[in-house]
Amino acid sequence: RMCGSHVIVSRTLTAYEELAFASMMMEDKPGNLRRQAILTSLCKLCLPKWGKKRPNCQLKESNIDALWTMLWLVHSHFEKILDEWDVIISTFDQLGSVSISSVKLSQSYTEKAA
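Given the structure is predicted, the values throughout are model-derived calculations rather than measurements.

Novice: Tell me about helix H4 (residues 85-95), residues and numbers included.
Specialist: Among the residues of H4, those classed as buried are Val-87, Ile-88, Thr-91, Gln-94 and Leu-95. Around the axis of H4, the buried residues are gathered within 125° of arc, so they sit on the same side. Residues of H4 that are buried make contact with helix H2 (33-45) and helix H3 (61-77).

Dropping the structure here:
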């Protein structure tokens, strides 16, 4: 899902952050489809396998980076997030069943995830 260099992943997540910020400012009422699409897509990037609770799934660095971006958006705009809480909570629930220890994570990302 977001394979590639760290630079590409970083720029992609910056674009998600900017799109989410813009969608938060545009409309402050339930049913904002732009905001829902952006946050749902970002939540999916936080997980190695969206909607599949498999014990052998391992986090990748891009998953951790996406999670940090999502957490920043939630922290910064919690008052504007309305209908999206279900998908955000579902993401946290699914992350709870994924092992943080992963051969796909460098030591610094393992510490960041813990």
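Novice: Please set out the pattern of salt bridges residue by residue, giving values where relevant.
Specialist: All told, the structure shown has one salt bridge when counted by the stated rule. Of the charged contacts, one joins Arg-35 and Glu-84 as a salt bridge, the two residues approaching to 3.1 Å between their closest N and O atoms. Within this pair, whereas Arg-35 is found in helix H2, its partner Glu-84 is found in the loop between H3 and H4, the two being separated by 49 residues in sequence. Across this residue pair, the class does not change: Arg-35 and Glu-84 are buried.

Novice: Please give an account of the nonpolar core that cites residues and values.
Specialist: Counting residues in hydrophobic clusters, the biggest one holds 26 residues, and the most contacted among them are Leu-42, Leu-59, Ala-66, Met-70, Ile-81 and Ile-88. For this core, the secondary structure elements donating two or more residues are helix H1 (6-26), H2, H3 and H4. No other element matches H3, which puts six residues into this core. Other than its neighbours up to four places away in sequence, Met-70 contacts Leu-42, Cys-43, Cys-46, Ile-88, Thr-91 and Phe-92.

Quick notes on the rules
- Residues numbered from 1 in each chain as written.
- Predicted model: local features only at pLDDT ≥ 70, side-chain atom pairs only at ≥ 80, totals over all residues.
- Heavy atoms only, no water.
- Buried < 20%, exposed > 50% of the residue type's maximum accessible area, 1.4 Å probe, protein only.
- Helix = DSSP H or I, 4+ residues; strand = E, 2+ residues; numbered from the N terminus.
- Arc of directions from axis to C-beta.
- Contact = heavy atoms within 4.5 Å.
- Salt bridge = Lys/Arg side-chain N within 4 Å of Asp/Glu carboxyl O.
- Core = buried A, V, L, I, M, F, W, Y, C linked by side-chain atoms within 4.5 Å.

Function cannot be inferred from these measures alone, as they are strictly geometric.
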